[in-house]
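Working through the structure, step by step
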Amino acid sequence: MRNRLTAVVALTALLGLTACGGDSAESDGPVTLRMTTWSANEAHLKLFNEIAAEYTATNPDVAGITFDPIPFESYTTTLTTQIAGGNPPDLAWVLENSAPDFVTSGALVPLDDTLKGTEGYGFDELAPAATKLWQADGKLYAYPFSTSPFGVFVNTDLVKSSGAQSPAELIAAGQWTWQNALTTAKAVQAETGKAGLVVRDFDYKGWDFLSTVWTGWGAQAWSEDGRTCGFNSAEMVEAMTVLHRGIFVDKALPGPGTTADFFAGDAGMTITQISRASLLEGQKFGWDLVPLPAGPKGEYAVIGQGGMGVLKQGRNAEAAADFLAYLTNPANSAKLAQFFPPPRTSLLTAETLAKTNPLLSPEQLQEVVIDGIADGVVKPSHTGQAELNQAVRAALDPLWRPDADVRGVLDGVCTAINPLLAK
Amino acid sequence: MSVLTRDTVGRAGDRSAPGGAAPHRRGWWTTRRRDQLAGLLFVAPQLAGSVLFVLIPLGLVFWYSLHEWNVLAGTFEFVGPGNYQAMADDPNLPSVLRVTALFSIGLVAFNLSLALLLAVLLNQRLRGTVVFRTLFFSPVVVSLVAWTIVWGFLLQDNGGVNGALGVAGVDGPNWLRGDWTALLSVIVVQVVKNVGLNMVLFLAALQGVPAELYEAARVEGANAWTRFRRITVPLISPTILLTSIITVVGSLQVFAQIAVLTQGGPGTSTTVLVYYLYQRAFQFHQFGYGATLSVLLFLIVLVLTVVQWRMRRKWVFHEQ
């Protein structure tokens with residue numbers, strides 16, 4: 001009886017495994033490609049589908065291309081789970097903070113040969129500042145389809161009703177500094193009861209968004225080579241002290257556990273990427289877009305990036321690389337530029353960008369987008385970023401209390417992450 | 001009849017079958033085999049489900065725990081007990097286990113005592129008890145994530161809970177940002193969500209306690225507390241055992257509430273074992289080590305369940 005039962009269990013298990021196992025071999029017929037994205041924006045997907053339709057019309061080997069949006073918050077986790085589950089997409093968007101992990105691990109296919117081999121591709125016009133993060137050993141592993149600088153969006157109605165000097169006035173007077181920005185934010189909070197300045201997506205968890213602040217002091221999360229912690233440097237301590245005072249003394253920034261959405265009219269100013277400008281369409285309040293305020297080290301810019309790569313573990317890597325070359329060729333890059341600032345120097349002109357970004361003025365495009373991409377520092381990233389993220393977040397938490405010892409907490413951050421940086 | 005074995009019953013059945021085949025000619029297809037097959041067919045769906053969704057994943061988790069699995073690079077290398085050694089040396093694990101123990105003890109104690117209290121209160125023959133029973137049970141059927149998100153808003157510094165406290169003149173803390181208030185908040189959110197289920201089980205048990213026992217005790221002069229301690233608790237002890245096993249196991253598997261409300265923070269004050277293994281496996285891409293932590297979680301749940309089951313003889317009615 002026991003033997004027979006064992007046999008039944010084994011047979012069931014075998015059947016189950018057989019049923020679970022997919023067909024991993026590359027088929028001979030036309031293939032279907034899948035690309036994961038973190039944008040479910042209808043306009044974005046419409047454009048992608050149009051480009052995909054043009055591609056499949058002339059490439060009978062590819063039957064179709066699907067775009068698979070994954071929520072931004074859990075994007076990388078979901079993507080790696082799909083890979084672990086044996087269901088990797090053929091192409092994937094990669095966030096800048098996971099770029100080192102994806103680029104150095106061998107997860108992505110090098111693209112140089114395919115892109116350079118595509119007629120009329122113009123590989124040499126990709127801005128080196130934009131491609132730097134996506135290269136290893138002289139090879140490009142992902143195409144930086146979006147190089148989006150951070151700027152300050154201003155609710156001009158709220159600032160006006162607070163009676164404070166507006167960022168535009170401060171810029172005109174050559175006084176657009178962090179000190180004055182925080183004074184304006186404090187006035188907005190005090191006079192209108194709304195939030196002053198919101199560092200969007202920070203929410204006391206996404207600490208890497210604070211690089212849009214501390215870069216003004218010349219501070220860095222870690223050194224260029226990624227080996228030395230920068231959190232307890234004098235510049236970082238100064239920047240964080242100003243930020244801490246802004247939050248807990250001046251109330252210029254909303255405190256932890258308080259939400260305020262600029263795009264819903266709940267804040268005077270917000271620091272975010274210019275690609276969020278689309279959220280302003282149809283807004284009732286007056287708004288402006290200005291560069292980040294100058295810090296003690298002068299003017300600066302910070303950029304966030306998104307790359308598109310071909311996964312080595314995907315089933316149709318060759319076809320996927322070919323489609324990537326088509327999707328990012330000069331003609332299609334120009335179309336994508338209406339949503340994502342492109343890495344191609346020929347497209348990085350106020351004139352070209354103005355055609356596709358009707359919400360932004362040529363001055364805003366020049367000052368925030370074009371200058372930002374040229375001079376920008378990319379948000380912090382490192383191999384093992386997820387673990388570092390978690391360690392920094394946990395060690396920074398004691399800072400977000402009114403009585404925090406800023407220097408002590410930042411020393412604690414370095415103690416926590418030094419072993420990870422040394423790996 | 002009592003001395004008949006299943007075989008003799010089977011043979012008797014065969015002899016009475018039409019055609020009456022002789023014992024030596026009845027062949028392979030005996031009644032016993034037929035019964036066995038029928039039995040197997042009856043349990044087959046459950047067996048297949050258990051094998052597919054419990055036994056195979058369990059085996060695979062153990063197998064993965066012996067490997068270093070780099071998802072991005074696509075490498076899967078056998079490291080033997082390497083991950084178990086890493087677990088023994090993991091500097092974060094003691095803190096994670098301490099938080100897990102605090103969380104589970106708090107949740108089980110609060111859940112069971114509140115469920116029993118509500119059940120006793122709602123076991124009265126008073127007007128409106130049905131409404132209250134429904135009210136306390138309704139969170140059980142609400143979507144867990146939706147429930148948690150709403151509580152996330154309520155527990156914000158400027159949220160509904162502090163607003164209500166403010167009306168009463170109390171300056172409430174920033175619930176999800178303080179070390180102990182964050183843990184307490186997650187416990188309360190989870191208890192309020194699920195207490196209705198245990199309450200219903202307790203109610204059913206309470207209604208099974210014979211009224212004459214209370215009457216007799218009352219005649220003997222026992223007060224309400226003595227009646228509760230000497231009659232109610234012993235008679236509903238099988239249900240207390242059941243609810244405590246369910247609640248202990250459930251408390252060790254709380255994940256969504258922590259993922260939505262605190263993400264393990266502030267610091268690591270709400271990083272319980274199941275959330276920690278999720279971080280290691282799915283966020284840090286350390287699937288091998290994550291699997292090792294899963295094995296640890298499995299062993300903890302197993303040991304606690306076995307201990308509770310063994311201890312039942314000491315305190316559960318009918319089990320002595």
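Residues numbered from 1 in each chain as written. Chains lettered and ligands numbered in written order. Predicted model: local features only at pLDDT ≥ 70, side-chain atom pairs only at ≥ 80, totals over all residues.

1. Looking at the overall build of chain A
Summing up its helical and strand segments, chain A has 17 helices and 11 strands in all. For chain A, the C-alpha radius of gyration of 24 Å lies close to 22 Å, the compact-globule estimate for 423 residues. Taken over the C-alpha atoms alone, chain A extends approximately 80 × 60 × 40 Å along its principal axes. Relative to its full complement of 423 residues, chain A shows a buried share of 46%. Within chain A, counting contacts between residues at least 6 apart in sequence, those at least 24 apart form 75% of the total. (Helix = DSSP H or I, 4+ residues; strand = E, 2+ residues; numbered from the N terminus. Rg over C-alpha atoms; globule rule 2.2 N^0.38 Å. Buried ≥ 20, exposed ≤ 12 C-beta atoms within 10 Å, placed from the backbone. Contact = placed C-beta atoms within 7 Å.)

2. With respect to the domain arrangement of chain A
Think of interface size as the accessible area that goes away when the parts come together; that is how it is often given. Residues and elements named next belong to chain A. Segmentation of chain A into domains returns domain 1 (31-148 + 304-369) and domain 2 (150-297 + 378-421). The partner domain 2 presents 18 residues to the 21 residues of domain 1 that form the contact. Elements with a minimum of two residues in the side of domain 1 that touches domain 2: helix H4 (99-105), strand S6 (143-155), strand S10 (302-310) and helix H15 (362-375). Residue composition of the side of domain 1 that touches domain 2, by class: nine nonpolar, nine polar and three charged. (Domains from an automatic or database assignment. Nonpolar A, V, L, I, M, F, W, Y, C, P; charged D, E, K, R; others polar.)

3. A closer look at the domain arrangement of chain B
Assigned domains within chain B: domain 1 (6-45) and domain 2 (86-315). Spacing between the C-alpha centres of domain 1 of chain B and domain 2 of chain B amounts to 51 Å.

4. Side note on the pairing of S6 of chain A
The side chains of a regular strand alternate between the sheet's two faces. All names here are of chain A. Of all 13 residues that make up S6, 13 are buried, and the element is covered over most of its length. The sheet contact formed by S6 and S10 spans five bridges and is antiparallel. Residue pairing across strands places Ser 148 opposite Gly 304, the latter belonging to S10. Here five bridges tie S6 to strand S8 (residues 267-273), and the two strands are oriented antiparallel to one another. Considered in S8, the bridge of Gly 151 is made with Thr 272. (Pairing = 2+ DSSP bridges.)

5. Some details on the interface of chain B and chain A
Every contact between the two is made by 28 residues of chain B and, on the other side, 31 residues of chain A. Listed by contribution, the elements that provide at least two residues to the side of chain B that touches chain A are helix H2 (31-64) and helix H13 (273-283) of chain B. For the side of chain B that touches chain A, the leading source of residues is H2 of chain B, giving six residues. In terms of residue class, the side of chain B that touches chain A is made up of 14 nonpolar, 12 polar and two charged.

6. Some remarks on the UniProt feature "domain: ABC transmembrane type-1" (unreviewed entry) in chain B
As recorded in UniProt, the sites labelled "domain: ABC transmembrane type-1" (unreviewed entry) are residues 97-308 of chain B. Along residues 97-308 of chain B the backbone is 74% helical and 0% strand, and the end-to-end C-alpha distance reaches 20 Å. (UniProt positions renumbered as here; feature names shortened; annotations may be inferred.)

7. As for the UniProt feature "transmembrane region" (unreviewed entry) in chain B
With numbering aligned to this structure, UniProt lists the feature "transmembrane region" (unreviewed entry) at residues 37-64, 101-122, 134-154, 182-206, 235-256 and 287-307 of chain B. Structurally, residues 235-256 of chain B is divided into 77% helix and 0% strand, and its ends, taken at the C-alpha atoms, are 35 Å apart.

8. So, unusual backbone geometry
Residue Gly 265 of chain B is joined to Pro 266 of chain B through a cis peptide bond whose omega torsion reads -5°. Note that Pro 266 of chain B resides in the loop between helix H12 (256-261) and H13. We note that Asp 203 of chain A has phi near 50°; this positive angle belongs to a residue other than glycine. Considering the arrangement of structural elements, one finds Asp 203 of chain A in the loop between strand S7 (195-199) and helix H10 (211-214).

9. Regarding the nonpolar core
Within the largest apolar cluster, 163 residues are counted, with the highest numbers of intra-cluster contacts made by Leu 108, Ala 239, Val 310 and Leu 324 of chain A together with Val 272 of chain B. For this core, the element with the highest residue contribution is helix H8 (residues 179-207) of chain B, accounting for 11 residues. (Core = buried A, V, L, I, M, F, W, Y, C linked by C-beta atoms within 7 Å.)

10. Let's talk about the pairing of strand S1 (residues 67-70) of chain B
Residue and element names in this part refer to chain B. With burial as the criterion, only one face of S1 is covered, namely that bearing His 67 and Trp 69; the residues Glu 68 and Asn 70 on the opposite face remain uncovered. The pairing of S1 with strand S2 (residues 75-78) spans four bridges and is classified as antiparallel. Residue pairing for S2: Trp 69 is matched across the bridge by Phe 76. The antiparallel pairing of S1 with S2 creates a hairpin that spans four residues between the two strands, and Gly 74 there sits at a positive phi of about 75°.

11. Topic: the packing of H13 of chain B against helix H14 (residues 287-315) of chain B
Residues and elements named next belong to chain B. For the pair H13 and H14, interaxial distance at closest approach is 7 Å and the crossing angle is 165°. Of the possible angle classes, the one that applies to H13 and H14 is roughly antiparallel. Between H13 and H14 the crossing geometry is left-handed. Here Leu 273, Val 274, Tyr 276, Leu 277, Arg 280 and Ala 281 of H13 come into contact with H14, specifically with Phe 287, Tyr 289, Gly 290, Leu 293, Ser 294 and Leu 297. Tallied by class, residues from the contact of H13 with H14 come to nine nonpolar, two polar and one charged. (Axes fitted to C-alpha atoms, helices over the stretch in contact; angles between N-to-C directions. Parallel < 35°, antiparallel > 145°, perpendicular 65-115°, else oblique. Left-handed = near helix turned anticlockwise from the far one by under 90°.)

12. Some words on the environment of Val 141 of chain B
The residue Val 141 of chain B is located in the loop between helix H5 (129-137) and helix H6 (144-154) in this model. Val 141 of chain B sits 52 residues away from Lys 193 of chain B along the chain, and the two C-alpha atoms are 8.7 Å apart.

13. Overview of the confidence of the model for chain B
Model confidence for chain B is summarised by a mean pLDDT of 88, while 91% of its residues fall at 70 or above. When the criterion is pLDDT under 50, residues 1-22 of chain B qualifies, and its contacts beyond four places in sequence or with other chains add up to 14 contacts. (pLDDT = per-residue confidence, 0-100.)

14. With respect to the confidence of the model for chain A
Residues and elements named next belong to chain A. With 92% of its residues at a pLDDT of 70 or more, chain A has an overall mean of 88. Mean pLDDT values over the elements of chain A span from 42, in helix H1 (residues 2-20), up to 97, in helix H11 (residues 234-248). Per-residue pLDDT stays below 50 along residues 1-26; that stretch engages in 14 contacts with residues further than four places along the chain or on separate chains.

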